[in-house]
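# Geometric and topological summary
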Amino acid sequence: MKRIDAIYHVRGKAEYVDDMPLPAEMLYAAVFASTVARGKILALNLKDALVPDGIAAVFTAEDIPGSNQWGSIIPDWPLLATDEVYYVGQPVAVVVGKTQALAQKAAKRIAMQVEELPALVEPREAFVRGQIIGEPRTFVLGDVDSAWEQCDLIVEGTCEIGGQEHLYLETQRARAIPLEGKTMRVYSATQNPYAAQRTIAQMLGLPYHAIEVDVKRLGGGFGGKEEQATLWASLAALAAWHLQKPVELVLSRLDDLKMTGKRHPYSSDFKIGVTKEGKILSYEVKHYQNAGAYADLSTAVLERTLFHSTNAYFIPNVRIFGASCRTNLPPNTALRGFGGPQAMFVMESAITKVAEKLGVSREEIQRNNLLQTGDVFPYGQQMQTNSVRRTWSEAEQTYNLAEIRNRVADYNASHFETKKGYGVMPICFGISFTATFLNQASALVHVYTDGSVSVTTGGVEMGQGLSTKIAAIASKAFDIGIHRIKIETTNTTRIANMPPTAASVTTDLNGNATLLAIGQILDRLKVVAAKELGVADPDKIALADEKVLYAGQETDWTWARLVEAASVSRTNLSAHAFYATPGIGFDRSREKGHPFAYHVCGTAIVEVTLDCLRGTYEIDAVKIVHDLGRSVNELVDRGQVEGGLAQGLGWMTIEDLRFNDRGQLLSNNLATYKIPDIYFMPDAIAIKFLTDENPVGPYGSKAVGEPPLMYGIGVFFAIRQAMRAFQPQQEFAFASPLTPERVLCELYAEELQEMAEKTAASHTLQAST
Ligand code: MTE
Ligand code: MOS
């Protein structure tokens, strides 16, 4: 089945916030933001912004009637800066004008006098200075300290992991429309309608019910609109509130890049101990997360880093430490994988260093330590399936790993300027929000008397295919044609208190809620059918392919006729249902529990060819075995696997997010920040699914959104292997992204060093003569 919205996308008819018909008298907002990473605001001159015609107003923190503080976990972030600024791009004022261009022009005329203060951009430095958000966390399993003694080899190392820009196609935006009686409707490009509702209400000092947030779809979110979209929705709402006119705020691409947080860069230390046979006995890791200026979701992201620090491996003695370090970068936030990818990168680096020291292949160490059923994670939960090992051995056999290994070795023996490498990447990702209370969802289902159906859930369509999956679930549950199902916008008046669309659980949670709602309606319909058919037992009634069956036999009743009759007999054809994931929980005081409903596992093999003279590389193939469960829509899920993979490959290789030491974004446009395109992606992507039924997913399905990103980590180790084939003696860094530039600098580090020394010497010579 195709996506239900594909037809609109290919025709350019899919509606986003600013595609909706213009309301009368609409105004446009532009943001005036800090240009320094840290400073005291000495003076703010707004007068010049207000001079020309077409400018309606300028708003600052002083115009906020309620709370200026916001943040879902720790409300430490002002919507508009007051006395101080903490990052480049931090909003200070909102200018509103008749057109976007006028507003943007006027915003440029605002003059702010700041006393610039030294900025922190490195997480370790922030840590040393006590700039820590929340509490540092430590997960412990076994006894790391005494286990070192039993190890035959102990290696240590450091990882420097780069951030990542979300680069959703649709930049941040919202349209706020004041309505009668001090209420407002806000169309927001957000993954988190309820957070926008809450924050706007608190900002304006209103009850939550006064604010209706509506979301039709997002042009991508990738985590970047889970928390951060709230800020822009609030600023649009603030202006609309004061002016009592509709106000739209759309960030330009350059403003979006500059003003929004990204994936967290990490700096991490590892120490790993193994036996001669390659069994990992002990692992210690310390993660310093670059959180940016405000909490945002950083502590939650850090928590997932801790959860996934041993990735797909069982290690009996583990100590995992993590701290969210406050720096003067835009507050970093959710991005597909949510701290998991960074943790897995460090684990893979540690394994790689062990393999290199032992002179064995990486996969020998990996294979030796894969999780199996019953193994305990450092957070106390037991592994319930053996699917890590199953995906590994399926990948090894299906894609003939031995052949790949030999082919690469042969190639490297006979080629000098180019080298090949491969990397195997197993993943194990926990499914559920780690904050247990978020694992809840509601659905509202109406059946109309013509047999058509309307479904609202708390989930947001952001390109991941949620609407298609919910429609498929509804169509299957009623057993009626998909054309009868309409998926409505996500709206806070129809669904209250929803969690964000995140953590890959949206279909699980909202699909299950939809099934419960449909179950209620079906039960009522069966009673009606039994009555109409004059039979005693409603349980023997079933619906199949739009027909009413009794005891397995077709009757002359159809879906449409039954619905019509139900209405005439005054039967409720609507239902609201609530679902909460059973059996999960986590005790933060002990850092133990059962936080995840289940795990998604898989194994990828990534193959590359490296041009050792240029540092450039090609990704030749990616071969995946992915534990998908019984998919609700395999085409959509395949898209998620491929898309996640692309994002993971890009993160590891070419997406080079850079700030200078004054906290200014250097990779501030699409000429300096590169993302994967069709040419970057390998010609060969093979994906094989394991399709065991998942008992807790709707129709046995499994979450799919984030885990495949982590297959991309394999490319780093594939390129590294090719580098080592060219320069076996060299120590290479565990630093990402591994751009061609970095590859070249590492391959020729000695030569570059010599050149630098010569140049320095000749300069000294020149200076002294
Ligand atoms: N796919 C597309 N096309 N666009 C997106 O923004 N976001 C990803 C993933 N896949 C995203 C996507 C992220 S970060 C998450 S958490 C999940 O989708 C969320 O949706 P789900 O819970 O329905 O999987
Ligand atoms: Mo996804 S990073 O949980 O929005």
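Read on for an overview of the structure. (Residues numbered from 1 in each chain as written. Chains lettered and ligands numbered in written order. Predicted model: local features only at pLDDT ≥ 70, side-chain atom pairs only at ≥ 80, totals over all residues. Heavy atoms only, no water.)

### Regarding the packing of aromatic side chains
Applying the stated criterion across every chain, the model contains 23 aromatic pairs. Aromatic pair tryptophan 77 and tyrosine 87: ring centres 6.2 Å apart, planes at 75°, arrangement edge-to-face. Of this pair, tryptophan 77 sits in strand 5 (residues 77-78) while tyrosine 87 is found in the loop between strand 6 (84-85) and strand 7 (91-97), placing the two residues ten residues apart along the sequence. Residue tyrosine 87 is classed as buried on the basis of its relative accessible area, which comes to 0%. Grouping aromatic residues by their ring pairs yields a cluster made of Phe139, Phe307, Phe377, Tyr379, Phe586 and Phe596. In this structure, arginine 217 packs its charged tip against the face of tyrosine 16, placed 5.8 Å from the ring centre. (Phe/Tyr/Trp six-rings, centres within 6.5 Å; stacked < 30°, edge-to-face > 60°. Helix = DSSP H or I, 4+ residues; strand = E, 2+ residues; numbered from the N terminus. Buried < 20%, exposed > 50% of the residue type's maximum accessible area, 1.4 Å probe, protein only. Lys NZ or Arg CZ within 6 Å of the ring centre and 35° of its normal.)

### Things to note about the sheet that holds strand 25 (residues 553-558)
Here we have three strands laid out as an open sheet, ordered 23-24-25, and antiparallel in their pairing. The sheet is open, and its two edges are formed by strand 23 (541-544) and strand 25, each paired on a single side. With direction set aside, neighbouring strand axes in the sheet form an average angle of 35°. When strand 23 meets strand 24 (residues 547-550), the two strands line up antiparallel, connected through four bridges. Pairing of alanine 542 across the sheet is with leucine 549, part of strand 24. Set on the sheet, helix 15 (residues 506-533) makes contact with strand 23, strand 24 and strand 25; between it and strand 23 the angle comes to about 110°. Across the face of the sheet, helix 16 (residues 559-568) comes into contact with strand 23, strand 24 and strand 25 while running at roughly 60° to strand 25. (Pairing = 2+ DSSP bridges. Axes fitted to C-alpha atoms, helices over the stretch in contact; angles between N-to-C directions. Contact = heavy atoms within 4.5 Å.)

### Concerning the layout of surface pockets
Computed from the structure, the second largest pocket encloses a volume of approximately 620 Å³. Along the wall of the second largest pocket there are 33 residues; nearest its centre are Ile73, Ala300, Ala435, Phe437 and Leu438. For the lining of the second largest pocket, the secondary structure elements donating two or more residues are strand 9 (132-141), helix 6 (193-204) and helix 9 (298-307). With five residues, helix 9 is the single largest residue contributor to the lining of the second largest pocket. In terms of residue class, the lining of the second largest pocket is built from 16 nonpolar, eight polar and nine charged. (1 Å grid on protein atoms, 1.4 Å probe; cavity = no way out; pocket = protein on both sides within 12 Å on 5 of 7 lines; lining within 4 Å. Points joined across faces, edges and corners; volume = space filled by probe spheres on them. Nonpolar A, V, L, I, M, F, W, Y, C, P; charged D, E, K, R; others polar.)

### As for the pattern of salt bridges
Throughout the structure, instances matching the rule amount to 41 salt bridges. Here glutamate 363 and arginine 405 are joined by a salt bridge, their closest N and O atoms 3.1 Å apart. Residue glutamate 363 is found in helix 11 (residues 362-368), and its partner arginine 405 is found in helix 13 (residues 401-414); the two are separated by 42 residues along the sequence. Looking at glutamate 363, the relative accessible area reads 2%, which means it is buried. A relative accessible area of 29% places arginine 405 in the partly exposed class. Where lysine 469 meets aspartate 637, a salt bridge forms, and the shortest distance between an N and an O atom there is 2.8 Å. (Salt bridge = Lys/Arg side-chain N within 4 Å of Asp/Glu carboxyl O.)

### Side note on the packing of helix 14 (residues 466-478) against helix 15
One can describe the packing of helix 14 onto helix 15 by two numbers: an axis separation of 10 Å at closest approach and a directional angle of 30°. One way to sum up the angle between helix 14 and helix 15 is to call them roughly parallel. As for how helix 14 packs across helix 15, the hand of that crossing is right-handed. Along the contact surface, helix 14 presents Leu466, Lys469, Ile470, Ile473, Ala474, Ala477 and Phe478, while helix 15 presents Thr506, Thr507, Asn510, Gly511, Thr514, Leu515, Ile518, Ile521 and Leu522. Residue composition of the contact of helix 14 with helix 15, grouped by class: ten nonpolar, five polar and one charged. (Parallel < 35°, antiparallel > 145°, perpendicular 65-115°, else oblique. Left-handed = near helix turned anticlockwise from the far one by under 90°.)

### Re the pairing of strand 31 (residues 684-690)
By the bridge criterion, seven bridges tie strand 30 (residues 617-627) to strand 31 in an arrangement that is parallel. In the sheet register, aspartate 627 faces strand 31, and the bridge partner there is leucine 690. Read from strand 30 through helix 17 (residues 634-653) to strand 31, the crossover connection turns out right-handed. (Right-handed = clockwise from strand over helix to strand, strands pointing away.)

### Thoughts on the sheet that holds strand 1 (residues 27-33)
Strand order in this open sheet of eight strands is 3-7-1-14-11-12-13-22, and the pairing throughout is mixed. Each having just a single partner strand, strand 3 (55-59) and strand 22 (490-491) make up the two edges of the open sheet. Where strand 1 meets strand 7, six bridges bridge the pair, whose relative direction is antiparallel. Paired with alanine 33 across the strands is proline 91, a residue of strand 7. Of the strands in this sheet, strand 1, strand 3, strand 7 and strand 14 (247-250) touch helix 3 (residues 100-108), which is tilted by about 25° from strand 1. Helix 6 contacts strand 12 (183-188), strand 13 (211-215) and strand 22 of the sheet and is inclined by roughly 150° relative to strand 13.

### A word on helix 15
Owing to its 3.6 residues per turn, the α-helix brings residues three or four apart onto one side. Given a rise of 1.5 Å per residue, 28 residues ought to cover 40 Å, and the 39 Å separating the end C-alpha atoms of helix 15 matches this to within 8%. One or two positions beyond helix 15, positive phi appears at glycine 534, with a value near 70°. (Expected span 1.5 Å × (residues − 1).)

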